[in-house]
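Each chain, written out:
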Amino acid sequence: MKKRSKPPSKIVYRWVRNLHLYIGLFISPFLLIYAISVFFLNHDWKPWSDAETEKVSYSISVPDEENSRELARQIMQQLQITGEMNWVNHNQNSNSLSFPVDKPGLKKVIRVNLDDGSAEVERQKTGVWDAMVFLHEMPGSHLVSIRGNWIYVRIWGWLADATVYFILFVTASGVYMWSVMKAERKSGLIFLGLGVFTFFSIIAVMLR
Amino acid sequence: MIEQSRKKEKSTQNKDSGESKINSSVFKLWNRKLHIYAGLYFLLFIWLFSISGLLLNNPEWTISNYWPEREITHFQKEIVQPSESGDLEIAKNLMNQLLIRGEIHETGWGDSEDEFRLQVRRPGQMISIETNFEKNLADMTEIRVNSWGVIRMLHTFTGAKNQTDEKRNWILTKIWSFSIDALAAGLIIMVFSGLYMWYLLSRKRIMGIIFLGLGTGCCLFFLFGITLFL
């Protein structure tokens, strides 16, 4: 007996459903990081701001380097510090250099006296909530010229972009799957319509 | 007698398991509905924040680079010195006189008591105002950005970093900020309702564990691993 082949629409539906499921599962933890950190960013909550700081002093050999960023990078190498370097402040008057280096859940500020080579590293463990906020904001649009100077921030940036493309796929495939479900069509349309109405009314009034 | 009591016990057990089956199928049904309806309701919000997130993450893209294309307009208007006390109240009075709407981001005084300045923001527009109460004049600088700029600004328009006494002093900032919270809560609900739906599909469990494990592994590595080990 000949096996009857499935119609193409059913094959497409099955593929879309499987991809929706597996991609959705893959991005679930990423979505949780983004969604949970929203509450901290949206309300400017920083429960980690009171976290204790510790300071350690070092003595380093000051590299012969004109460029502040490169100087900071070489100092980080000497101090065996890794992380995303932020704005480098080179104070010409006091001949000192200071710059923050961040990692998820850990903030460091490095201050170096370029005359005598004394360095102080201030360290603050900020915890998991700040780690989520850090990942939410990275790489972001600030300090474009130096952003992604740590390879892991660059990799996270690619993952963040991939998450967006996957979200777009998951939402589009979700709409497709809903559209073929007759039982949910009417009530789904009401929710979709309500969402569209809320979205456009808020934006229209805000931009008017 | 024993037979009768056994039968009674069995029927009670059947009744209980029947009830729990109904409860569980009602939960499954509503969980599925919640996943679909929340997804449909938040669809445009998710798209907006996804696309604006891409713009923020890729400042080298031409469309992300909206700032150099901004339009700057300077103008001057006559004002009457507000009778209110308190920076925010003075700023609100001036905004009413100048027909400006938006979130008061910053207020401050100049060298003399006649010089008051404020900055008002809303997605796509920023207005800086410098007033001179002695001359009854307001110097205004308006900056407008293109549609990509508006999309990008909507991503971060929360009023949370205002340098005024009151966070979110515009009703629409409050509404937008609430929408952002609601979207975040909606996403969390969608994630957990989706996980539950997957858990019920026994045939997809192994593949699902692989994909969920990959995502979880990546996130745990970035949340804890890179700080602990690198």
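Because the structure is predicted, anything quoted here is derived from the model rather than measured. (Residues numbered from 1 in each chain as written. Chains lettered and ligands numbered in written order. Predicted model: local features only at pLDDT ≥ 70, side-chain atom pairs only at ≥ 80, totals over all residues. Heavy atoms only, no water.)

## As for the overall build of chain B
Phase 1 of the analysis: Counting secondary structure elements, chain B contains six helices and five strands.
Phase 2 of the analysis: In chain B, the succession of α and β elements from N to C terminus is α-α-β-α-β-β-β-β-α-α-α.
Phase 3 of the analysis: Excluding contacts between residues fewer than 6 apart, the proportion of contacts in chain B whose partners are at least 24 apart in sequence is 53%.
Phase 4 of the analysis: By element, 58% of the accessible surface of chain B is carried by carbon and sulfur atoms, the whole surface being about 13,400 Å².
Phase 5 of the analysis: Within chain B, one finds 26 positive and 24 negative side-chain charges whose respective centroids are separated by 23 Å. (Helix = DSSP H or I, 4+ residues; strand = E, 2+ residues; numbered from the N terminus. Contact = heavy atoms within 4.5 Å. Areas by Shrake-Rupley, 256 points an atom, 1.4 Å probe, with all protein chains shown as cover. Lys, Arg positive; Asp, Glu negative; His and termini not counted. Charge placed at Lys NZ, Arg CZ, Asp CG, Glu CD.)

## Digging into the overall build of chain A
Phase 1 of the analysis: Helix and strand content of chain A: five helices and six strands.
Phase 2 of the analysis: For 208 residues, the compact-globule formula gives about 17 Å, and the C-alpha radius of gyration of chain A, at 25 Å, lies well above that figure.
Phase 3 of the analysis: For chain A, the C-alpha atoms occupy an extent of roughly 85 × 55 × 30 Å along the three principal directions.
Phase 4 of the analysis: Buried residues in chain A amount to 44% of all 208 residues.
Phase 5 of the analysis: At a minimum sequence separation of 6, the contacts of chain A that also span at least 24 residues come to 52%.
Phase 6 of the analysis: Of the roughly 11,800 Å² that chain A leaves accessible, carbon and sulfur atoms contribute 59%. (Rg over C-alpha atoms; globule rule 2.2 N^0.38 Å. Buried < 20%, exposed > 50% of the residue type's maximum accessible area, 1.4 Å probe, protein only.)

## Some remarks on the interface of chain B and chain A
Phase 1 of the analysis: Taken together, the contact between chain B and chain A spans 67 residues of the former and 68 residues of the latter.
Phase 2 of the analysis: Taken together, the links from chain B to chain A amount to one salt bridge.
Phase 3 of the analysis: Taking the shortest distance from any N to any O, the salt bridge between Glu-184 of chain A and Lys-33 of chain B comes out at 3.1 Å.
Phase 4 of the analysis: Run the count over chain B and chain A and you get 24 residue pairs in polar contact (both at pLDDT 80 or more).
Phase 5 of the analysis: Going through the elements one at a time, α1 (2-41), α2 (43-57), α4 (147-156), α5 (171-200) and α6 (205-229) of chain B are the ones with two or more residues in the side of chain B that touches chain A.
Phase 6 of the analysis: Residues of the side of chain B that touches chain A, tallied by class, amount to 45 nonpolar, 12 polar and 10 charged. (Salt bridge = Lys/Arg side-chain N within 4 Å of Asp/Glu carboxyl O. Polar contact = N/O pair within 3.5 Å; in protein donor to acceptor, adjacent residues only side chain to side chain. Nonpolar A, V, L, I, M, F, W, Y, C, P; charged D, E, K, R; others polar.)

## As for the pairing of strand β6 (residues 118-125) of chain A
Residue and element names in this part refer to chain A.
Phase 1 of the analysis: The pairing of strand β1 (residues 53-59) with β6 spans seven bridges and is classified as antiparallel. Note on β6: the bridge partner recorded for Glu-54 is Arg-123.
Phase 2 of the analysis: With eight bridges connecting them, strand β5 (residues 106-113) and β6 associate as antiparallel partners. Along β6, the bridge assignment pairs Val-112 with Ala-119.
Phase 3 of the analysis: In textbook terms, the turn of a hairpin is the stretch between consecutive antiparallel strands, and for β5 and β6 this stretch comprises four residues, one of which, Gly-117, has a positive phi near 75°. (Pairing = 2+ DSSP bridges.)

## Comments concerning the domain arrangement of chain B
Residue and element names in this part refer to chain B.
Phase 1 of the analysis: If you check the domain split of chain B, you get domain 1 (68-145 + 161-166) and domain 2 (170-230).
Phase 2 of the analysis: Inter-centroid distance (C-alpha atoms) of domain 1 to domain 2 is 41 Å.
Phase 3 of the analysis: Listed per partner, the contact involves five residues of domain 1 and four residues of domain 2.
Phase 4 of the analysis: Of the roughly 360 Å² buried at the junction of domain 1 and domain 2 (both faces included), carbon and sulfur atoms supply 55%.
Phase 5 of the analysis: Looking only at domain 1, the three residues that lose the most surface to domain 2 are Arg-101, Gly-102 and Glu-103, adding up to 74% of its buried area.
Phase 6 of the analysis: Our count for the domain 1 to domain 2 interface comes out at zero salt bridges.
Phase 7 of the analysis: Seen at the junction of domain 1 and domain 2, the total is two residue pairs in polar contact (both at pLDDT 80 or more).
Phase 8 of the analysis: Residue composition of the side of domain 1 that touches domain 2, grouped by class: no nonpolar, one polar and four charged. (Domains from an automatic or database assignment. Buried area = accessible area lost by both parts, 1.4 Å probe.)

## Some words on the nonpolar core
Phase 1 of the analysis: Trp-156 and Met-206 of chain A together with Trp-176 of chain B are the most contacted members of the largest nonpolar core, which totals 55 residues.
Phase 2 of the analysis: Sorting the residues of this core by element identifies α1 (8-42), α3 (127-137), α4 (151-179) and α5 (185-207) of chain A together with α2, α4, α5 and α6 of chain B as the ones contributing at least two each.
Phase 3 of the analysis: Setting aside residues no more than four positions away along its own chain, Met-206 of chain A makes contact with Arg-101, Arg-122, Pro-123, Leu-154, Phe-157, Trp-170, Leu-172 and Trp-176 of chain B. (Core = buried A, V, L, I, M, F, W, Y, C linked by side-chain atoms within 4.5 Å.)

## Description of the environment of Leu-55 of chain B
All names here are of chain B.
Phase 1 of the analysis: Among the structural elements, Leu-55 can be located in helix α2.
Phase 2 of the analysis: According to the relative accessible area criterion, Leu-55 is buried, its value standing at 4%.
Phase 3 of the analysis: Remark: the alpha-carbon pair of Leu-55 and Ile-151, spanning 96 residues in sequence, is separated by 8.8 Å.

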